[in-house]
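Take a look at the letters that make up each chain.
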Amino acid sequence: MPTAGGRGVPAGTDRVSRRRFVSLLGSIGAGVVAAPLSSGLLDKVRADELPAPDPGDTTRQWVMLFDLRRCDGCRECIKGCQKMHWLTKEQEWIKVYELTAVSGQNYFLPVTCQMCQEAPCTQVCPVGATYHTPDGVVVVDQDVCIGCRMCMAACPYGVRIFNWDEPREAPSTVRSSTPEFRVPQQQGTVGKCANCVHNLRKATLPACVQAC
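Please read all numbers here as calculations on a predicted model, not as lab measurements.

At the junction of Val183 and Pro184, the peptide bond is cis and its omega measures out at -10° in the coordinates. Here Cys196, not a glycine, exhibits a phi torsion of approximately 45°, which is positive. Counting through the fold element by element, Cys196 comes out in the loop between strand E10 (190–191) and helix H7 (197–200).

Here it is, written out as structure tokens:
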């Protein structure tokens, strides 16, 4: 679920501090947090309850959370993403893995772009086609991308997709050429999740969240 936080938040704003956030994540890892997380942290920071942000406002940084206690591996998040971005069935910007815990219990792990603060992909791109937006989202400008795939080699999560084939034909009403929301994809370039930042800036949840 997308959340907002960052620096320069006015006093009195109802938000979760970075220290509290890290503390909660540690509790999840220890397996001791239950209902208070769902009713507390997540309910406070839903994107659709926030005012539409200014794209140039660096006090807001977006992050995606997956509640692994609820994920059943249905892959509806992938389908929602593909529908929003006019991707083919082979183009999966979200990977859903089935894993086995040390206890022997199986669980599902959705993995998408982690929007790394020190992103290896942005550091190796020879033409600057992949970069951070002011609100922390890593995007690819397919008008600049030369298809060298250096970013794919550098990504530790394997979630970048090379557009080998002709893209799906999209109606003129949904076509978009911005790096934050490119429809259709451009053949010979790299595509990836951008947290549906075009939705977040309109105070609308990402397609995967809506589809879940």
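The next subject is the state of the cysteines. What we call a disulfide is simply a covalent bond connecting the sulfur atoms of a pair of cysteines. One pass over the full model with this rule turns up zero disulfides. Of all cysteine sulfurs in the structure, the one in Cys113 sits closest to Cys116, which takes part in no disulfide; the separation is 6.4 Å. No disulfide involves Cys125; its nearest neighbouring cysteine sulfur is the one of Cys148, lying 6.0 Å away.

On to a nonpolar patch on the surface, then. On the surface, Val127, Val144 and Ile146 cluster together into a nonpolar patch covering about 230 Å² of accessible area. As for its position among the elements, Ile146 is in the loop between strand E6 (138–140) and helix H6 (150–154).

What follows covers the pattern of salt bridges. Where charged atoms from two side chains of opposite charge approach closely, those side chains can pair. Per the counting criterion, the structure on display carries eight salt bridges. Measuring nitrogen to oxygen at the nearest pair gives 2.4 Å for the salt bridge that ties Glu92 to Arg75. Highlighted residues: Glu92 in the loop between helix H4 (76–85) and strand E3 (95–100) and Arg75 in the loop between strand E2 (61–64) and H4, separated in sequence by 17 residues. The exposure class of Arg75 is partly exposed, given its relative accessible area of 34%. Here Lys79 makes a salt bridge to Glu76, at a shortest N to O gap of 3.4 Å. Here the residue Lys79 and the residue Glu76 both occupy positions in helix H4, the gap between them amounting to three residues, near one helical turn. Under the relative-accessibility criterion, Lys79 is labelled partly exposed at 47%. Residue classification places Glu76 among the partly exposed residues on the basis of a relative accessible area of 32%. When salt bridges that share partners are traced, they join Asp67, Arg69 and Arg70 into one network.

Take the packing of aromatic side chains next. Counted according to the given criterion, the structure contains one aromatic pair. Between Phe162 and Trp164 the ring centres are 4.6 Å apart and the planes differ by 65°, which places this aromatic pair in the edge-to-face class. For Phe162, a relative accessible area of 12% gives the class buried. Taking the ring centre of Phe162 as reference, the NZ or CZ of Arg149 above it sits at 5.0 Å.

The next thing to look at is the pairing of E3. Within a regular strand, the side chains alternate between the two sheet faces. Here six bridges tie E3 to strand E4 (residues 106–111), and the two strands are oriented antiparallel to one another. Paired with Glu98 across the two strands is Phe108, which belongs to E4. Linking E3 back to E4 in an antiparallel pair, the connection comprises five residues, with Gly104 at a positive phi of about 95°.

Procedures and definitions
- Residue positions are given per chain, counting from 1 as you read along its sequence in written order.
- This being a predicted model, a pLDDT of at least 70 is required before a residue's local features are given, and a value of 80 or more before pairs of side-chain atoms are given or counted; all residues contribute to the totals for chains, interfaces and linings.
- To obtain the side-chain values, all non-hydrogen atoms of the structure were included, while hydrogens and water were left out.
- Each helix is a run of H or I in the DSSP string that is no shorter than four residues. Each strand is a run of E no shorter than two, and both are numbered from the N terminus.
- Defined by distance alone, a disulfide is two cysteine sulfur atoms within 2.5 Å.
- A patch is a set of surface residues, each over 30% in relative accessible area and not in a salt bridge, joined within 9 Å for like charges and within 5 Å for the nonpolar side chains Val, Leu, Ile, Met, Phe, Trp and Tyr.
- Each accessible area is a Shrake-Rupley estimate made with a 1.4 Å probe; only the visible protein chains count as cover when residues are assessed.
- Within this document, salt bridges are pairs made up of a side-chain nitrogen of Lys or Arg and a carboxyl oxygen of Asp or Glu, the two lying within 4 Å of each other.
- Exposure classes here rest on a 1.4 Å probe applied to the protein chains alone. A residue is buried below 20% of its type maximum, exposed above 50%, and partly exposed in between.
- Only centres within 6.5 Å qualify two rings of Phe, Tyr or Trp (six-membered ring in Trp) as a pair; their planes then separate them into stacked at under 30 degrees, edge-to-face at over 60, and tilted for everything else.
- Lysine NZ or arginine CZ positioned within 6 Å of the ring centre and within 35 degrees of the ring normal marks a charge as sitting over the ring.
- In short, DSSP must find at least two bridges between two strands for them to pair.

Keep in mind these values describe shape, not function.
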